[in-house]
Amino acid sequence: MKKVIRFGLIGCGLMGREFASAAARWCHLTDVDFEPQIVAVCDANESAAQWFQDNVPSVTQAYMDYRDLLSDPDVEAIYCAVPHNLHEQIYIDIINAGKHLLGEKPFGIDRKANEAIAEAVRRNPHVIVRSSSEFPFFPGAQQIVKWVNEGRFGRIIEVEAGFWHSSDLDPTKPINWKRRIDTNGEYGCMGDLGLHVLHLPLRFGWKPANVRALLSKIVEERPDGRGGTAPCETWDNAILACEVKTEDQQFPMVLSTKRIAPGHANTWFIRIQGTAFSAEFTTKNPKQVSSLPYVAGGQQAWHIVDAPYKSAYGTITGAIFEFGFSDSILQMWAAFCDELVHGTQEMTQPFTCATPEEALDSHRLFTAALESHRTGTTAIVDCGALA
Ligand SMILES: NC(=O)c1ccc[n+]([C@@H]2O[C@H](COP(=O)([O-])OP(=O)(O)OC[C@H]3O[C@@H](n4cnc5c(N)ncnc54)[C@H](O)[C@@H]3O)[C@@H](O)[C@H]2O)c1
């Protein structure tokens, strides 16, 4: 018998539907003794919630006010996928209501909002709170995690990680909440895409100690959907040159988040160069993982292999097939539900979803990046890294 976790969903948009789809194909996973069931949904827009009533048979309640969903005793845990300006109030209310939460990044529109959420997390230690970040669940990314944990790289020379999109290259794309400061925040593309990029480096203990940021706005106005145009207020692209200082290492780490990277659709990547080993994975070639082992005086040859469909949680898909975005969402959901049911120490596999501490570190970096760009100087990131 699988333990059923009764979920409420707040925000029935793009990501809310992804969760519904992952929950609907739970039979894809093998050897899991837990299962999410979406029993209630909430959206301020009635038609968005209607999709769930039409397509998700387990949904028995649809609310327009999230506070009504929070007082529904049938709901044990919540997925919240709403615009960034709503994270602070809604996440805090969820946590204070004692419901476990998988929230969406960036976990608050700015650092102040994130710190308020972090405070609610501290006050409610019995509530499990995690942030959505699915890309590390690609098998190629998991392979890199394994290599880092095995200490394969020797001395780290340099790290590069990024998340690139290109749909905003089209100037006729109408404006949406992600282009407005009041809904998406001043971070722009950093808040939107940055935690995805930072999740693995932070998990490896590679916290930025300082940052030199280059932020750009490329498309300055867009159709407003009413026949006119509206200004795009948020940063389209960000390049963050950071220095990582750990107890035994110091190396450059270049992080980039781009809404306008011609030719890229959801390209998430990480490249690690080390004196003994280098490795690279990008969702652009989701089957491939590259590595270059090196011994003094030896050849430097990249090994490029097809990473089999070998995910953190077993599935019915054979290793001869390939892995995609919706598979990574399913794996992330398995990790969250596993942690709810078994606790962090007893999970089937050890890789947890992004933590509130990691989200807080990402805010520390983005806030410093805004300062760096504004002043044209190197800004200190108070990540608790060594000075
Ligand atoms: N993990 C990922 O890969 C990924 C991808 C895209 C977006 N996101 C994140 O997901 C979140 C939502 O983004 P999205 O793309 O799904 O947005 P969306 O605009 O598609 O959906 C947001 C939904 O929230 C609803 N909403 C607004 N105010 C509300 C309120 N007060 N109460 C209840 N519902 C309300 C809207 O009506 C809408 O249906 C954001 O935090 C975003 O950063 C994550």
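No experiment lies behind these values; they were computed from the predicted model shown.

How each quantity is defined
Residues numbered from 1 in each chain as written. Predicted model: local features only at pLDDT ≥ 70, side-chain atom pairs only at ≥ 80, totals over all residues. Pairing = 2+ DSSP bridges. Helix = DSSP H or I, 4+ residues; strand = E, 2+ residues; numbered from the N terminus. Contact = placed C-beta atoms within 7 Å. Axes fitted to C-alpha atoms, helices over the stretch in contact; angles between N-to-C directions. Near = placed C-beta within 6 Å. Nonpolar A, V, L, I, M, F, W, Y, C, P; charged D, E, K, R; others polar. Domains from an automatic or database assignment. Parallel < 35°, antiparallel > 145°, perpendicular 65-115°, else oblique. Buried ≥ 20, exposed ≤ 12 C-beta atoms within 10 Å, placed from the backbone.

### Here's the deal with the sheet that holds strand 14 (residues 277–282)
In a beta sheet, neighbouring strands pair by backbone hydrogen bonds and run either parallel or antiparallel.
Reasoning step 1: Ordered by their spatial adjacency, nine strands build an open sheet running 16-15-14-13-7-12-11-8-17, and the pairing between neighbours is mixed. Both outer strands of the open sheet, strand 16 (303–306) and strand 17 (379–380), are each paired with one neighbouring strand and no more.
Reasoning step 2: Here strand 13 (residues 267–274) pairs with strand 14 via five bridges, running antiparallel. Bridging across to strand 14, Arg271 finds its partner in Glu280.
Reasoning step 3: The sheet strands contacting helix 8 (residues 189–203) are strand 7 (156–164), strand 11 (237–245), strand 12 (250–258) and strand 13, and the helix crosses strand 12 at an angle near 140°.
Reasoning step 4: On top of the sheet, helix 10 (residues 356–375) reaches strand 8 (208–216), strand 11 and strand 17; it is set at about 55° to strand 8, its chief contact.

### Side note on the site of the ligand
Reasoning step 1: In the vicinity of the ligand there are 22 residues, among which Gly11, Gly13, Leu14, Met15 and Glu104 approach most closely.
Reasoning step 2: A class-by-class count of the residues in the shell around the ligand yields twelve nonpolar, five polar and five charged.

### So, the sheet that holds strand 1 (residues 3–10)
Reasoning step 1: The parallel open sheet is built from six strands, whose spatial order is 3-2-1-4-5-6. Bordering the open sheet on either side are strand 3 (61–63) and strand 6 (129–131), each of which pairs with just one other strand. Direction aside, neighbouring strands of the sheet carry axes that sit 30° apart on average.
Reasoning step 2: Pairing of strand 2 (residues 34–42) with strand 3 involves three bridges; the strand directions are parallel. Bridge pairing links Ala40 to Gln61 in strand 3.

### Let's talk about the domain arrangement of the protein
Reasoning step 1: Along its sequence, the protein is carved into domain 1 (3–131) and domain 2 (138–317 + 353–380).
Reasoning step 2: The C-alpha centroid of domain 2 is placed 25 Å from the C-alpha centroid of domain 1.
Reasoning step 3: Every contact between the two is made by 23 residues of domain 1 and, on the other side, 23 residues of domain 2.
Reasoning step 4: Those elements giving two or more residues to the side of domain 1 that touches domain 2 turn out to be helix 5 (111–123) and strand 6.
Reasoning step 5: Broken down by element, the side of domain 1 that touches domain 2 gets its largest block of residues, five residues, from helix 5.

### Describing the environment of Thr283
Reasoning step 1: Positionally, Thr283 belongs in the loop between strand 14 and strand 15 (288–293).
Reasoning step 2: Distance from Thr283 to Ile175, taken between C-alpha atoms, is 27 Å for residues 108 residues apart in sequence.

### Describing the packing of helix 4 (residues 87–96) against helix 5
Reasoning step 1: It is the contact of helix 4 with helix 5, at a shortest axis distance of 9 Å, that shows an interaxial angle of 0°. With respect to their mutual orientation, helix 4 and helix 5 come out roughly parallel. The residues of helix 5 that touch helix 4, namely those facing His87, Glu88, Tyr91, Ile92, Ile95 and Asn96, are Ala113, Ala116, Ile117, Ala120 and Val121.

### Notes on the environment of Cys80
Reasoning step 1: Structurally, Cys80 is set in strand 4 (residues 77–80).
Reasoning step 2: Residue classification places Cys80 among the buried residues on the basis of 24 C-beta atoms within 10 Å.
Reasoning step 3: The sequence separation of Cys80 and Ile90 amounts to ten residues, and the corresponding C-alpha distance is 8.2 Å.
Reasoning step 4: Contact partners of Cys80, with chain neighbours within four places excluded, come to Ile10, Gly11, Ile90, Tyr91, Ile94, Leu101, Gly103 and Glu104.

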